[in-house]
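Chains, contacts and geometry: an overview
If you want the building blocks of each chain, they are given just below.
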Amino acid sequence: MSCPDQPGQLLNWFLSSLCVPRARKLWSSRRPRTRRNLLLGTACAIYLGFLVSQAGRASAPHGGRARQGPHWSRATAEAPFPEIPLDGTLAPPEAQGNGTTLQPNNVVYITLRSKRSKPASIRGTVKPKRRKKYALASQAPGPGALVGPSLRPQEAARAAEAEVAGHVRGGNLAQAGERPWGWRQGLGARGGDADVQGPRAGGSNIRIYSESAPSWLSGDDIGRMRLLADGAVAGLQPAWPGGRARLLLLEGTGRPAAPACGPSPCGLLKQPLDMSEVFAFHLDRILGLNRTLPCVSRKSEFIQDGRPCPFILWDSSLSPTSNETHSSLKLTWGTYQQLLKQKCWQNGRVPKPEWGCTEIHHHEWSKMALFDFLLQIYNRLDTNCCGFRPRKEDACVQSGRRLKCENQDAVALAHIVQRKQDPRHLVFIDNQGFFDRSEDNLNFKLLEGIKEFPESAVSVLKSQHLRQKLLQSLFLDKVYWESQGGRQGIEKLIDVVEQRARILLTYINAHGAKVLPMNE
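Presented here is an overview of the structure given in this document. Residues take numbers from 1 onward in each chain, read along the sequence in its written order. Only residues with pLDDT of at least 70 get local features here, since the model is predicted, and only at 80 or more are side-chain atom pairs given and counted; chain-wide, interface and lining totals rely on the full set of residues. Note that the side-chain values use all heavy atoms of the structure and ignore hydrogens as well as water.

1. As for the state of the cysteines
When two cysteine sulfur atoms lie within 2.5 Å, the pair is treated as a disulfide. Applying the stated rule across the entire model yields three disulfides. The disulfide partner of Cys-385 is Cys-396, and the gap between their sulfur atoms is 1.9 Å. On the S-S bond that ties Cys-385 to Cys-396, the torsion sits near -105°, and the link is left-handed. In this pair, Cys-385 sits in the loop between helix H10 (362–375) and helix H11 (395–398) while Cys-396 sits in helix H11, placing the two residues 11 residues apart along the sequence. The same class applies to Cys-385 as to Cys-396, namely buried. Each helix is a run of DSSP H or I of at least 4 residues and each strand a run of E of at least 2, with the numbering of both proceeding from the N terminus. For each residue, the accessible area found with a 1.4 Å probe, counting protein chains only, is set against the maximum for its type, and the residue is called buried under 20%, exposed over 50%, and partly exposed in between.

2. Let's talk about the pattern of salt bridges
A pair is scored as a salt bridge if a Lys or Arg side-chain nitrogen falls within 4 Å of a carboxyl oxygen belonging to Asp or Glu. Applying the stated criterion across every chain yields a total of 16 salt bridges. Lys-270 serves as the salt-bridge partner of Glu-277, at 3.0 Å between the closest nitrogen and oxygen. For the pair Glu-277 and Lys-270, one class covers both residues: buried. Measuring nitrogen to oxygen at the nearest pair gives 2.4 Å for the salt bridge that ties Asp-495 to Arg-467.

3. Concerning the nonpolar core
For the purposes of this section, nonpolar cores are sets of buried Ala, Val, Leu, Ile, Met, Phe, Trp, Tyr and Cys residues that join through side-chain atoms within 4.5 Å. Grouped together as the largest cluster of nonpolar side chains are 91 residues, with contacts concentrated most on Phe-279, Leu-283, Leu-287, Trp-365, Phe-453 and Leu-504. With 10 residues, helix H15 (residues 486–511) is the largest single contributor of residues to this core. Two residues qualify as a contact provided that any one of their heavy atoms is within 4.5 Å of a heavy atom in the partner residue. For Leu-283, the residues in contact, after removing those within four places along its chain, are Phe-371, Leu-374, Leu-375, Leu-466 and Leu-470. Counting residues in each nonpolar core, the second largest holds five residues, with Tyr-378, Cys-385, Phe-388 and Phe-434 among its members.

4. Considerations on empty space enclosed by the protein
Grid points spaced at 1 Å and placed over the protein atoms alone form the basis of the search, with a cavity being a set where a 1.4 Å probe fits but cannot get out and a pocket an open set showing protein on both sides within 12 Å along at least five of seven lines. Lining residues have an atom within 4 Å of a point. Grid points are joined across faces, edges and corners, and a volume is the space filled by probe spheres set on the points. One pass over the full model with this rule turns up one cavity of 30 Å³ or more. Along its surface, the largest cavity is lined by Trp-333, Leu-381, Asp-382, Thr-383, Asn-384, Cys-386, Val-411, Leu-413 and Lys-445.

5. A word on helix H12 (residues 455–462)
For H12, the full list of buried residues reads Ala-457, Val-458, Val-460 and Leu-461. Along the axis of H12, the buried residues cluster in a sector spanning 160°; they form a single face. Where H12 is buried, its residues touch helix H8 (276–286), H10, strand E9 (452–454), helix H13 (466–475), H15 and strand E10 (514–516). The directions considered for the arc are those from the helix axis to the C-beta atoms.

6. Digging into the environment of His-362
As for its position among the elements, His-362 is in helix H10. Sequence-wise, His-362 and Leu-340 are 22 residues apart; in three dimensions their C-alpha atoms are separated by 6.8 Å.

7. Some details on the packing of H13 against H15
Each pair of packed helices gets described by two things: the angle between the helix axes and the distance between those axes. Inter-axis angles, ranging from 0 to 180 degrees, are taken between N-to-C directions of lines fitted to C-alpha atoms, where helices are fitted over the stretch in contact. For the pair H13 and H15, the least separation of the axes is 10 Å and the interaxial angle reads 140°. The orientation of H13 relative to H15 falls into the category oblique. Regarding H13 and H15, the two cross each other, and that crossing is right-handed. Across the interface between the two elements, Leu-466, Arg-467, Leu-470, Leu-471 and Leu-474 from H13 touch Arg-487, Ile-490, Glu-491, Ile-494, Asp-495, Val-497 and Glu-498 from H15. For the contact of H13 with H15, the residue count by class is seven nonpolar, no polar and five charged. Any angle from 65 to 115 degrees is called roughly perpendicular, while one under 35 is roughly parallel, one over 145 is roughly antiparallel, and all others are oblique. Each helix crossing is assigned a hand: it is left-handed if the near helix lies turned anticlockwise from the far helix by less than a right angle, otherwise right-handed if that turn is clockwise. Ten residues, namely Ala, Val, Leu, Ile, Met, Phe, Trp, Tyr, Cys and Pro, are considered nonpolar, four, namely Asp, Glu, Lys and Arg, are considered charged, and the remaining ones, Gly among them, are considered polar.

Limitation: the analysis is restricted to geometry and does not speak to function.
Here it is as structure tokens:
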């Protein structure tokens, strides 16, 4: 029995200790019940009854407090409940085996959310705190702001409403749910030197808010991107007979000078479905490959309904290509595999004539394979779609090439292009990537025969900065950024590429492939 610490409780405890033993002795002893003993026993009984009544009155407010809600004081109503977590972790006790639930009295269970909402894919590349430093002001940014994705409210609203643009290839656009497109007649859309479209007003579509552009984009890249995005159009002509692509002749000369179509620079304007060309250009620069031509997204008055199209710099220094494979040299899959085994021109070694080597350096194939796998580009190394399950809309199915996978060694490679002055290195053209290819349908045939991978690209994939760099780089192209739904749409594309990068790194480790510097 513990001794109470309050003064009133101490007095009650003292009197009770005196009355209880005496009352017990009075009724149990054989002594005569004198008048003094009777008076003392009666007083003790009265006091014990008083204690019992006080105990009952003290317990009454606890039972009726729920019914006296309007009479609570403001301090009581505003008192916090530190023992109740605010994250929904407090839940009722589990049911017993007989189906009943044990619920103690005077306990109220509060559940804010049945389950905490989590993203479908946890991204481990950029922490939220690091993303905040790329936020821009709602008004015109100052010159000291960092280059990065815009987080302004109006762009966030556009990103929430817009969906990621589809990347469907092939001829049957009606099955894919894509609107048909075509060239708008009139508007001076003709060849020649007449003024067709004036320079853009309201600022450049290549936005750089810091003192310098991202380090992976050279000064030549920025100059040519501005020329493609903002240059006035002086003429329009077909890129090749019977093709739907058009060459836009641009006025003026870019600084630095850009490859020209005659006296003026020009660019290849492709259809809206080829918007992945812009993503491919920025990914190529970030990985340190530098094998694609500068490309931006541009809205043209010559496109019906004004949808943006990829606009690629026309480079007249490329070697002539054949009409069948669009390649500057003829290669089959079997010949290509033999070249990979010979490692032509690696370490400065001059190949022997019987090896059958071409002028292309061995490392170029490794760069192309890595680049094509991340974007799942099949129209170079797997033109018949033999390494994955194509859709009905894919060009290989439309043309019937899918049925010719029995003798793969005889299948010709396509879009293998060099420069006239630099035949050792490849130029990646027609970079039509696919972001809707599931993980169980990736084309691993693109990596067949590759035993080495470029160190510059692999280091970027391992550094977990790929997302940050892609956001910074793609933000420069205002038209492309908005056409993909802002940051929300861009991040969906980056999610796909990041997942493929993790699969590629696992493939490199599992197959014991070497990672070598390829900066020659």
